[in-house]
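Secondary and tertiary structure notes
Here is how the chains run, residue by residue.
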Amino acid sequence: MTDWKNPPRLFIPGPVKSDEDVLEQLSRPTLGHRLPEYSQLHKETVDMLKQVFFTEQNVFLMTNSGSGGWEASVRNCVAPDEKILCTTCGAFSEKWATVAKACGREVDTLGVEWGKPVTAEMIDQKLASGDYAAMTMVYSETSTGLANPVYEISKMMKEKYPDVMIFVDSVSAMVGMPLEFDKLGWDVTFASVQKAFAIPPGMTVALVSDRAIQKSKDVPGRGYYFDFQQYAKTAEKNQTPTTPSVPHIMAINYQCQKLLNEGMENVWSRHKQMADFVRSWAADKFELFCDRKYASNTLTTVANTRGINIAETIKSLKEKHNTVFGNGYGKTKEKAFRIAHMGDITLDDLKELLHWIEAEIE
Ligand SMILES: *Cc1c(COP(=O)(O)O)cnc(C)c1O
């Protein structure tokens, strides 16, 4: 029985479950977004996010879902007469290429088969032509459960293409996987909060380099809602251009305090530990959809090598335990299934889930 007031426990790769203490943050009395209390909340939150992502550059609190980051990066930092290289390795990275075209930009794609990574060598080969102003990539491709080797790619970019801007979709990676923004030398990266921040949907955290803001000054047609110039100007007052989702910022503030208390190294290893556990189970009972070396630490995409009826299994778990996990995304529906292990999901939660799935398939 479907009842939105008694929703299933979520193991889909976003939104993931939010704990009660996090939900409570969303019900605090609201603040006037031009009053000093808000600026205090904003500054405190941005300062913590800078520590979480190892950056001294700009953090924007954007009231839109993660997809807005695709559009914001392209519209602000690439002029209409410049070319973008969009690397693709699954549904979300492919969508970004579509969005960049929809924004009227000239796009070339560098695509690999779903389940395979985009490598530094491939990007190097493509950029050697000198045609590109910017490159896009996804950190953790949520359709295939694959993490691209972003540290290697970024190192190569720094050495060989320091002038090419780097935009990274970190929607399902941020918090759960290492992301040292300044060291990586990225220009724009972002994540909506319903993934590893473990907050209900409705907001995006974006990290933006100083040079991206500089560049955006001269890019025409930036539009209004995502204009980095407006974001940068209002950030000086610890505000946002338009009314932000204040409750979400309170929840981000709360989650950041927890993350910093735990220590980011520990947060990353906690995610790796959950990932190792789910991957071992997947390799034992099925197979991983991607090469284990590139498997993401925030979700696992399992290849349905036993030919189980995935939709039926999910339905059965929902009926018996009011719990759901994810079917394959798009063209991988029934060929693969996805289990999230990010945010406030615990190893005990996962043990319970895998036990229930086993009971269905054996
Ligand atoms: C979920 C997801 C998105 C889309 O984010 P929204 O918040 O739904 O707009 C984009 N990219 C990746 C990698 C994702 O996992």
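Residues numbered from 1 in each chain as written. Predicted model: local features only at pLDDT ≥ 70, side-chain atom pairs only at ≥ 80, totals over all residues. Heavy atoms only, no water.

**Section: the site of the ligand**
- The immediate surroundings of the ligand are formed by 14 residues, with Ser65, Ser67, Thr142, Asp169 and Lys195 found nearest.
- Contact distances for the ligand include 2.5 Å between an oxygen atom and a side-chain N or O atom of Ser67.
- Here an oxygen atom of the ligand sits 2.4 Å away from a polar atom, N or O, in the side chain of Thr142.
- In terms of residue class, the shell around the ligand is made up of four nonpolar, eight polar and two charged. (Near = heavy atom within 4 Å. Polar contact = N/O pair within 3.5 Å; in protein donor to acceptor, adjacent residues only side chain to side chain. Nonpolar A, V, L, I, M, F, W, Y, C, P; charged D, E, K, R; others polar.)

**Describing the side chain of Ser192**
- Looking at the element boundaries, Ser192 is found in strand β9 (residues 188–192).
- Of the residues examined, Ser192 reaches a relative accessible area of 2% and is grouped as buried.
- Here the side chain of Ser192 touches Gly66 through a polar contact of 3.5 Å, landing on its backbone nitrogen.
- Excluding residues that lie within four positions of it along the chain, Ser192 makes contacts with Ser65, Gly66, Val171, Phe197, Met203 and Thr204. (Helix = DSSP H or I, 4+ residues; strand = E, 2+ residues; numbered from the N terminus. Buried < 20%, exposed > 50% of the residue type's maximum accessible area, 1.4 Å probe, protein only. Contact = heavy atoms within 4.5 Å.)

**Section: the side chain of Gln229**
- Note on placement: Gln229 falls in helix α9 (residues 228–235).
- On the accessibility criterion, Gln229 (18% relative accessible area) is buried.
- Discounting chain neighbours no more than four positions away, the residues touching Gln229 are Ile213, Ser216, Lys217 and Arg222.

**Brief notes about the sheet that holds strand β3 (residues 83–88)**
- Reading across the sheet, the seven strands line up as β2-β10-β9-β8-β5-β3-β4 and stay open at both edges, with mixed pairing between neighbours. Among the strands making up the open sheet, the edge pair consists of β2 (58–62) and β4 (106–111). Put simply, the sheet's adjacent strands are angled 20° from each other on average, direction ignored.
- The pairing of strand β5 (residues 132–138) with strand β8 (residues 165–169) spans five bridges and is classified as parallel. (Pairing = 2+ DSSP bridges. Axes fitted to C-alpha atoms, helices over the stretch in contact; angles between N-to-C directions.)

**Observations concerning the sheet that holds strand β12 (residues 299–303)**
- An order of β1-β13-β14-β12-β11 is seen for the five strands of this open sheet, with the pairing classed as mixed. One side of each edge strand has no neighbouring strand; the edge strands of this open sheet are β1 (9–11) and β11 (287–288).
- Inspection of the sheet shows strand β13 (residues 323–327) paired to strand β14 (residues 336–340) by two bridges, in the antiparallel sense. Pairing of Asn327 across the sheet is with Phe337, part of β14.
- Relative to the sheet, helix α11 (residues 264–285) contacts β11, β12 and β14, its axis offset from that of β12 by approximately 5°.
- Its contacts with the sheet place helix α12 (residues 310–321) against β13 and β14, and it is angled at close to 165° to β13.

**Overview of unusual backbone geometry**
- Of the consecutive residues Gly14 and Pro15, the connecting peptide bond is found in the cis state with omega at -5°.
- Its identity is not glycine, yet Val175 carries a phi of approximately 80°, on the positive side.
- Along the polypeptide, Val175 turns up in the loop between β8 and α7 (181–184).
- Located in the positive-phi region is Asn238, a residue other than glycine, with phi close to 55°.
- With respect to the helices, strands and loops of the structure, Asn238 is situated in the loop between α9 and α10 (246–262).

**Some remarks on the pairing of β2**
- Counting buried residues along β2, five of its five residues qualify, which places the element largely inside the surrounding structure.
- Residues Asn58, Phe60 and Met62 line one face of β2 and the alternating positions Val59 and Leu61 line the opposite face, and both faces are buried.
- Pairing of β2 with strand β10 (residues 204–208), which is carried by five bridges, proceeds in the antiparallel orientation. The residue of β10 that forms the bridge with Val59 is Leu207.

**Topic: the pattern of salt bridges**
- A full pass over the atoms with the stated rule returns 21 salt bridges.
- Ionic pairing is found between Arg306 and Glu362, a salt bridge with its closest N-O pair at 3.8 Å. Highlighted residues: Arg306 in the loop between β12 and α12 and Glu362 in the segment after α13 (347–361), separated in sequence by 56 residues.
- Overall, the relative accessible area of 58% leaves Glu362 in the exposed class.
- Among the ionic contacts, a cluster of salt bridges with common partners joins Arg9, Lys17, Asp19, Asp349 and Glu352. (Salt bridge = Lys/Arg side-chain N within 4 Å of Asp/Glu carboxyl O.)

**Focus: the nonpolar core**
- By size, the foremost hydrophobic cluster in this structure holds 89 residues, and its most contacted members are Phe53, Met157, Trp186, Phe197, Val205, Phe325 and Ile339.
- Contacts of Met157, omitting those with residues within four sequence positions, involve Ile123, Leu127, Met135, Pro162, Val164 and Ile166.
- Grouped together as the second largest cluster of nonpolar side chains are 30 residues, Met62, Ala72, Ile84 and Phe92 included. (Core = buried A, V, L, I, M, F, W, Y, C linked by side-chain atoms within 4.5 Å.)

**Concerning the pairing of β14**
- Counting buried positions along β14 yields five of five residues, so the element is predominantly enclosed.
- Residues Ala336, Arg338 and Ala340 of β14 are buried on one face, and the alternating residues Phe337 and Ile339, pointing to the opposite face, are buried as well.
- Bridge count between β12 and β14: five bridges; the pairing is antiparallel. For Leu299, the partnering residue across the bridge sits in β14 and is Ala340.

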